[in-house]
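Coordinate inspection notes
Read off the chains here:
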Amino acid sequence: KTTVEFWYSGGTKPQIMMKKLIKEFNQSQDQYTIVPSLQGNYTETYQKLQAGLASGTAPALTLLRGDRAKIMNDRHLVEDLRPLMTPSFHWDDFLGAFRKQVTDKDGMIFGLPAYGTTQILYYNKHILAKYGFTKKDLSTWQSLAKVAKAVTQKNSDGQVTFYGWEPMWGAGNLMDAAYSNGGRVISKDGKKILFDSPQWITVWDSFRKWIHKDHIMRIHSGGQGWEYWYKTIDDVMKDRALGYTGSSGDQGDLNFNKLAATIQPGWGNHPAAPEASALVLQIPKGTSKAKAKGAFAFMTFYTDAKNTAAWSMYTGYIPVRKSAEKDADYQAFVKDHPQALVPLEQTKLATPLFTDPTKGKIIDALRIAADQVEVQNIPAATALKQAARTAQRALDRANRQH
Amino acid sequence: MGLLLKGILVTTSIQANTQQVHLSHKTPWLTLKHVQQAAKYLFLSACGLFMVFPFLWMFFGSLKTNDEIFSNPLELLPQHFHWYNFVETMQSAPFGLYIFNSFEVALFTTLLVLANSSLFAYALTRFTFRGKTAMFSLVMASYMLPAAVTYVPSYIVLAKLGLLDTHAGLILSNAASVFGVFYLRQVFLKIHPSLIEAARIDGASELKILWAIVLPQCKAALTTLGLITFITNYNSYMWPSLVINTADKNLIATGIRQFFIAQGNYGLNWSHIMAASTIAVVPLLILFMISQKIILSGIADNGIKE
Amino acid sequence: MAAVTLNQIEKTYPNGFQAVHGIDLHVQDGEFMVLVGPSGCAKSTTLRMIAGLEDISSGKLSIGDKQVNHLPPKDRGIAMVFQNYALYPHMSAYENMAFGLKQLKLPKEEIQARIDQAAQSLEITNLLQQKPNEMSGGQRQRVALGRAIVRKPDVFLFDEPLSNLDAKLRVSTRIGIAKLHQDLKASGQQATMIYVTHDQVEAMTLGDRICVLNAGKIMQVDKPMHLYHYPANKFVAGFIGSPAMNLAKAMLERKDQHWFITIGSLSWRLPDVLTTRLTVDSSQPVWLGIRPEHIRQAKTEARHDNTIDVVISVVESMGNEQYLYFEWLGQEWISRMGLEGLEHIQINSSQALTFDLTNIHLFDQDTEQSLLRPTF
Amino acid sequence: MAAVTLNQIEKTYPNGFQAVHGIDLHVQDGEFMVLVGPSGCAKSTTLRMIAGLEDISSGKLSIGDKQVNHLPPKDRGIAMVFQNYALYPHMSAYENMAFGLKQLKLPKEEIQARIDQAAQSLEITNLLQQKPNEMSGGQRQRVALGRAIVRKPDVFLFDEPLSNLDAKLRVSTRIGIAKLHQDLKASGQQATMIYVTHDQVEAMTLGDRICVLNAGKIMQVDKPMHLYHYPANKFVAGFIGSPAMNLAKAMLERKDQHWFITIGSLSWRLPDVLTTRLTVDSSQPVWLGIRPEHIRQAKTEARHDNTIDVVISVVESMGNEQYLYFEWLGQEWISRMGLEGLEHIQINSSQALTFDLTNIHLFDQDTEQSLLRPTF
Amino acid sequence: MLSVNNKMKQYWQLLFFLSPLLLPLLLFWVLPFICSIYISFTDWDYISPTYDWVGMDNYRYMLDDSQFLQALNNTLVFSLAVVIPTVAIGLGFALLLQKRFAGSSFFRAIIFSPWITPTVAVSIVWSWVFDSKHGLANELLGLIGVPSVSWFEHGNTAMFVVVLVTIWQAVGWTMLFFISALNKIPSSIYEASLIDGCSAWTRFLKITLPLVSPTTFFLLIVNIINAIQAFDQFQILTQGGPGGETRTLLYWFYQLAFQQYDMGSATATAVIIFLITAFLTSLNVWIGKRWVYY
Ligand SMILES: Nc1ncnc2c1ncn2[C@@H]1O[C@H](COP(=O)(O)OP(=O)(O)OP(=O)(O)O)[C@@H](O)[C@H]1O
Ligand SMILES: Nc1ncnc2c1ncn2[C@@H]1O[C@H](COP(=O)(O)OP(=O)(O)OP(=O)(O)O)[C@@H](O)[C@H]1O
Ligand SMILES: O=P(O)(O)OC[C@H](O)CO
Ligand SMILES: [Mg+2]
Ligand SMILES: [Mg+2]
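Residues numbered from 1 in each chain as written. Chains lettered and ligands numbered in written order. Predicted model: local features only at pLDDT ≥ 70, side-chain atom pairs only at ≥ 80, totals over all residues. Heavy atoms only, no water.

**Some thoughts on the interface of chain A and chain E**
- At the junction of the two partners, chain A supplies 33 residues and chain E supplies 38 residues.
- Here chain A packs against chain E, burying approximately 2,900 Å² in sum over the two surfaces, 39% of which is carbon and sulfur.
- Ranking the residues of chain A by area buried against chain E places K361, R393 and R397 of chain A at the top, with a combined share of 22%.
- Summed over the shared surface of chain A and chain E, the result is six salt bridges. (Contact = heavy atoms within 4.5 Å. Buried area = accessible area lost by both parts, 1.4 Å probe. Salt bridge = Lys/Arg side-chain N within 4 Å of Asp/Glu carboxyl O.)

**Thoughts on the site of ligand 3**
- Surveying the vicinity of ligand 3 reveals 11 residues, the closest of which are T117, Y230, S247, D250 and Y317 of chain A.
- Chain contributions to the surroundings of ligand 3 come from chains A and B.
- One of the side-chain nitrogen or oxygen atoms of Y230 of chain A is found 2.7 Å away from an oxygen atom of ligand 3.
- Side-chain polar atom of S247 of chain A to an oxygen atom of ligand 3: 2.9 Å apart, as the coordinates give it.
- When ligand 3 sits alone it has 300 Å² of accessible area, and the protein chains cover 87% of it.
- Those elements that provide at least two residues to the shell around ligand 3 are β4 (112-124) and α9 (227-237) of chain A.
- In terms of residue class, the shell around ligand 3 is built from five nonpolar, five polar and one charged. (Near = heavy atom within 4 Å. Polar contact = N/O pair within 3.5 Å; in protein donor to acceptor, adjacent residues only side chain to side chain. Areas by Shrake-Rupley, 256 points an atom, 1.4 Å probe, with all protein chains shown as cover. Helix = DSSP H or I, 4+ residues; strand = E, 2+ residues; numbered from the N terminus. Nonpolar A, V, L, I, M, F, W, Y, C, P; charged D, E, K, R; others polar.)

**A word on the site of ligand 1**
Residue and element names in this part refer to chain C.
- The immediate surroundings of ligand 1 are formed by 13 residues, with S39, G40, K43, S44 and T45 found nearest.
- Residue T45 places a side-chain N or O atom 2.4 Å away from an oxygen atom belonging to ligand 1.
- In this structure, E160 approaches ligand 1 through a side-chain N or O atom, which is 3.2 Å from an oxygen atom.
- Relative to its unbound accessible area of 630 Å², ligand 1 is 64% covered by the protein chains.
- Partitioned by chemical class, the residues of the shell around ligand 1 number five nonpolar, six polar and two charged.

**So, the arrangement of the chains**
- When the eight pairs of chains in contact are compared, the highest contact count belongs to chains B and E.
- You won't find any contact between chain A and chain C; their C-alpha atoms come no closer than 49 Å.
- The two partners chain A and chain D share no contact, and the minimum distance between any of their C-alpha atoms is 50 Å.

**Details of the sheet that holds strand β20 (residues 360-364) of chain C**
All names here are of chain C.
- Spatial strand order, β13-β12-β11-β14-β20: five strands in an open sheet with antiparallel pairing. Either end of the sheet is taken by a strand with one partner, and the two such strands are β13 (266-269) and β20. Here the average twist between neighbouring strands, direction ignored, is 40°.
- Across four bridges, the pairing between strand β12 (residues 258-263) and β13 is antiparallel. Across the sheet, residue F260 finds its bridge partner in β13, namely R269. (Pairing = 2+ DSSP bridges. Axes fitted to C-alpha atoms, helices over the stretch in contact; angles between N-to-C directions.)

**As for the pattern of salt bridges**
- Counting across every chain of the model gives 48 salt bridges over all chains.
- When the shortest N-O distance is used, the salt bridge between D93 of chain A and R321 of chain A registers 3.1 Å. With D93 of chain A in the loop between α3 (66-74) and α4 (96-101) and R321 of chain A in the loop between α11 (305-315) and α12 (328-336), this pair connects stretches of sequence that are 228 residues apart.
- Overall, the relative accessible area of 16% leaves D93 of chain A in the buried class.
- Between R48 of chain D and E191 of chain E there is a salt bridge, and its shortest N-O distance comes to 2.7 Å. Taken together, the positions of R48 of chain D in helix α1 (residues 43-51) and E191 of chain E in helix α8 (residues 187-196) put the pair across two chains.
- The exposure class assigned to R48 of chain D is buried, which follows from its relative accessible area of 16%.
- Each of R218, D234, D235, K238 and R240 of chain A takes part in a single network of salt bridges with overlapping partners. (Buried < 20%, exposed > 50% of the residue type's maximum accessible area, 1.4 Å probe, protein only.)

The values reported here are purely geometric and, on their own, carry no functional implication.
Right, dumping it as structure tokens:
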């Protein structure tokens, strides 16, 4: 029997589901054994993978975030999956956006989308209704702000007891909103940093105003691991906020008797254009033929229509195959759980994943700028211009070197 | 700073007190000395509370329910003692195994460090050889090197040795304690050379002298160094989490953080995390209790050269 | 056979300092040799070279008939007693003594027997189970001696073994060491002893012979009484004896057949016992030396020209004798006298003192060597 | 005016140990008082109570005419020289001396002047800028003295100030201290000195009077010569004098008008000079004491009944005198004799020795008090 | 010192004593550091077998990088803010607890105890204490009428928290060394000063302080080195935030190396960290010559 080491990570529900699927796979055939190794989170998987590759101890299969999967390919560290695809595999059945995400300009397929994720809105439908608003009122950030303002409550000391909205801490939400205002991180030719443009500054400064001046939104920051994330969810669940911007993967944890989901708002007249991406299964370079075959066999199993649908139902993440929607169980599920379709819907208008050509310096600059705007109440112009300078230097350097 | 100043002033007058000089008249019922004593205890108790508070909170937090923890931080004691939290925590992750792993790695690292630091320090203090100063400078320079700086190349070295994801790898890579050499060197320097000469005349080999004459006299220092090394390695987080991949081989610090992250669903159970932290600390507390007499006096007796 | 022979031994420390300048010394089998000299004169260095604790830079060192320059300490058949005793603090007295024997892999019974015997003779049997920090200085000293004895060495080396003891204890332990040497000799174990001290009382009372060192060179090697009465040079004269010998510049003058010593404005004729011993035959400047006990209170009846009148500046009484300090010719002199007959010399009183000219010493002012032949 | 008076002083340490048992002592203004006694007899405790470094449990302590029990050290007009000198190691000699004066807020010039003067008289002017660890033991000692002097105290306190020096240095520094006392007196500064030592040579040579302590009680306070010649009890007899007095049990017997002392099988008639001093009038068991110098080589011509024949077990020669050790009546005795006339007594040789009966001491076996009246 | 006839034997003996430590030292400290210096002149990405030699480029880029400069500044501020109070408070406690009295060893143990806890475990507690909403610190401030502070949302307060926790951990350890130093001052020196009659304050300034100065010096150096190498508490309390305001050089190194895999820049940072440590240590040694009495 060929053993295939598999490094992965995920929240509790994904963990449970992953274990179940691995067990099923191992029992379904007697050629391969998947040996899973749970990592702390996606980042840790990536870190360890670097070390593993450097020392020749990398596993045969990894689950990585999309941007990192791309970097792995840029650095020529992954196997091409095309030779492993049999005609029965139906690559075409995968969602186009996700297919595009793992195909490089030479046509090489450097990974298989495992499940999709994107940030959507979750809100308390009863309270929204109570104030006489509907889902429509959440379709642009401007109108969302109006709603937020209307529902925000303060006590006699002027302290806010109920917030209108809670964006998620970090650059992600702000970037999504900037995309929705037509912003880009880098120019098409890959030479110029663009996030100090007015599109970005307007968007980011609006958030700053909503958070720090109007006090209709709030940010939970810092803490351990996902701590801020759950504090945010908690506020919504415990009636301290109307809604929040969160991951498709949150669905498994949420109570939809109370909440509802919808896609992210556009900015003014611009339609919404948030990022959507797939988590990617990859076979690191240097994996033996036999192991690679085994790894691919598992990928095939894991992403078949039935399983990707089951995964989606249990965790809330987006199924990666079009055919999943035809799965009977899934169809029944989405009837009962309309929110499950929201991420999928959003994926259709999504901006493709931004991959950092400087291997992290641009993202780091944006992260710090986001912190300054969201947490420290520094004007977006200042923060973004400073970040752009840093990023531009890094970008120039990266371009020079290639 | 204010507290500090007060502390010093109180103390200097206490030093005068040890000479038992009565500045005042016969025997008033409340002397300046009494007031000073009371002030000293009060001050120390306040500081002591500050120092142990986090432990207490952690411990009592582990006995609270999740909501209780956040409801009123000023309330230290739980309404009900939920001892079951510990059982649940122990069941939810193999903490026993993690602690065992930490113990194993820390113990062997400590033994190795004690052995090789002793040998090295002995050679530095009792042999004359060319390059001795250079050798010592090398050790001292390494002291200024942040461990993190060495991670990448060290990792590759371990890989080349085939020791990745093994406890042996961890032990070996932590086996050079610069502090150990530095500390033992100072301690050995204080042993009168005539003792070593007497033993040489008695016909003992150098190893025998180290073992039978030098080390027994440095028990306090060795215990101190041992405990320091043990604690550092038991608690170590970064490096083990890089080297170890297999969950069953994790050390406790990684284990706790893993537990944190693995709790990665909404409704993070803080009391379990507190319980896990408490469980991790308890073995060290016990070890500290046992050896505190030695460690506290040990540094005092054999402290670094003055 | 364990004579110890030093042949042109030199020692230069790694830092370039030459501590020992070509020492020749032959210590006979069974002899008690004391090395004495001021601090820093290389007593310890010499002893430690003999022990093998210090490299010998050049020269030959033999113990018995074997050259041992390159033997490690344990193979030289020596035992050493250190100034600070160097007892292993974590071992009982018994273990301290047994340690060296265990290294020799002696059978247990043998070890036990040797220790018992030594302990008995040193009267430390009841201390055997105690650790050094539970013992007094004197007891530690005896355990250290015991540790040396049980090794049955050919040569005992002592480095100021008494200097950490208080005055009373020093006296009694000194006698103990003298007895030990006698006993070992009596028991047929011809133990050679080399004993370093800077205390000249110890040197005088213990040594069969004394080797006086100064600045890494040997000044004189001789029997204690010879050193005292016939110091070979000014250094030895000043070093041996307490209170120290008075030394002053003077002129040795030959006038016809007679010899005179001129000091200050006085000129004394040398007695014949001295002139016969003189090794020079013409006048020359000299150091005149005279021991305190040879400056006596002048008998009132007979006043000689070697009597001077001085004012006593300090009187120290010891009960049975007293030291008188006085200023003469711009320097301080000491006279030592028994108490019989003369009581209570007052400070600042005037006294007539007589120099006993038969007991003076003369040294060349350049070479500082004695100008008098010894009479033995 | 700085007499020091101790009136029924007691000291009980916090652990309950009573170190001092009701001491009465009057040290006169300008007097040099030495406290002497074996280790642990509470010399330091007593001195430290005078200094104010230790609480007085009960009794009255006055300096001058002021009771100072509760004054802090600095206000008692004292200065102290410690055994280990207690120099501030981080300050130069000058700063060490100036430190106390600065606390008194003296003007700079005054400080400078005092230090210059003291330094000159102690010959440490060239050391003033050096730190203690750059000085030899003797130099440190002198700086410590200087630090005491510049304070111009009424009372100097010394706690074994010489015990860390080597033998030679001890002698010269001892003389220095004696001179200091004289000089201060001469300059009209009637400085009282209280000096603790366990070395009886220091005690004998320095003290105007000596106070002998034992186990926290005063044994005798007297002038050195009186202590030596008329010890009030057996303790003082054994403690003062080196080598120590020989002491043995004997019977004092009255037969008719005559007194006899019976020791072993011998019975000697007491000379009349002694009988007139006797304080008892009937027979009783006694301790017989005789100093080593009073056991002499018997003159061959006249052999008295107070001559005994003994075998000499150890001989120690000092150059000008020698000590003979012999066994008699089951205990060890020492005889001390000058070298004149008699040379080279051999070990194990037989000798006839005479006891000088006019110089013996007698003590009650129970009270250990002297049975002889002093004659002064 | 020792005369051993057989040169070979001596050689093997030396090897026997030195190699058990030298081996891991060379393998896991010296060699990695040499590699690091080499890597700092390349653009290696940690895995690729190929890399380019870029000379001083990494250093040049870094020295002109606002983020590096900010991290440098943070490191210096943090070190200073930690080291001086740690040493001062440690000395204060040592003075209080130097003499044995009822309960002294209990207090010593308590003050020492923070040092034995895993930073990972205990930093969590501290992050709650300084929680901006319900944290204990704010509750306490509330009691005395001070408005709550959002500790982790401002650079200064976030740095303050990390500094506080670091001092909290290091003070007991520092105290122990001071206690041993104080106990070594002969009591007769204090007695001499009593007779000289100085005030308690003068005694502290003029006698105690100079006499423990070698220990102060040693502790300053050790604490500086520890402060520069502080990592865990940042990782758990602030992750370098907000907005990079608590990002120290070591943390920056960590991010460059293990998040961005920019090994060239990372190792260049590491070399700079080493140089700064060495510089501060030598500076201390140099200044120390003026105030440390040996
Ligand atoms: N390891 C060494 N390196 C350099 N010089 C040394 C060394 N040991 C001793 N010396 C010097 O050699 C000389 C002789 O030293 P040694 O210890 O033999 O003297 P000593 O006669 O024993 O003195 P003391 O009576 O003080 O013990 C001294 O000047 C000393 O400073
Ligand atoms: N702080 C203390 N607590 C209890 N007992 C003490 C203390 N200091 C001294 N003693 C005891 O008091 C007695 C007298 O001590 P002290 O130091 O005065 O003796 P000393 O005559 O100076 O002896 P030495 O000649 O050894 O210096 C000793 O038995 C000693 O053990
Ligand atoms: O990063 P994502 O999109 O996988 O989502 C975060 C998780 O939902 C947190 O539990
Ligand atoms: Mg010596
Ligand atoms: Mg004393």
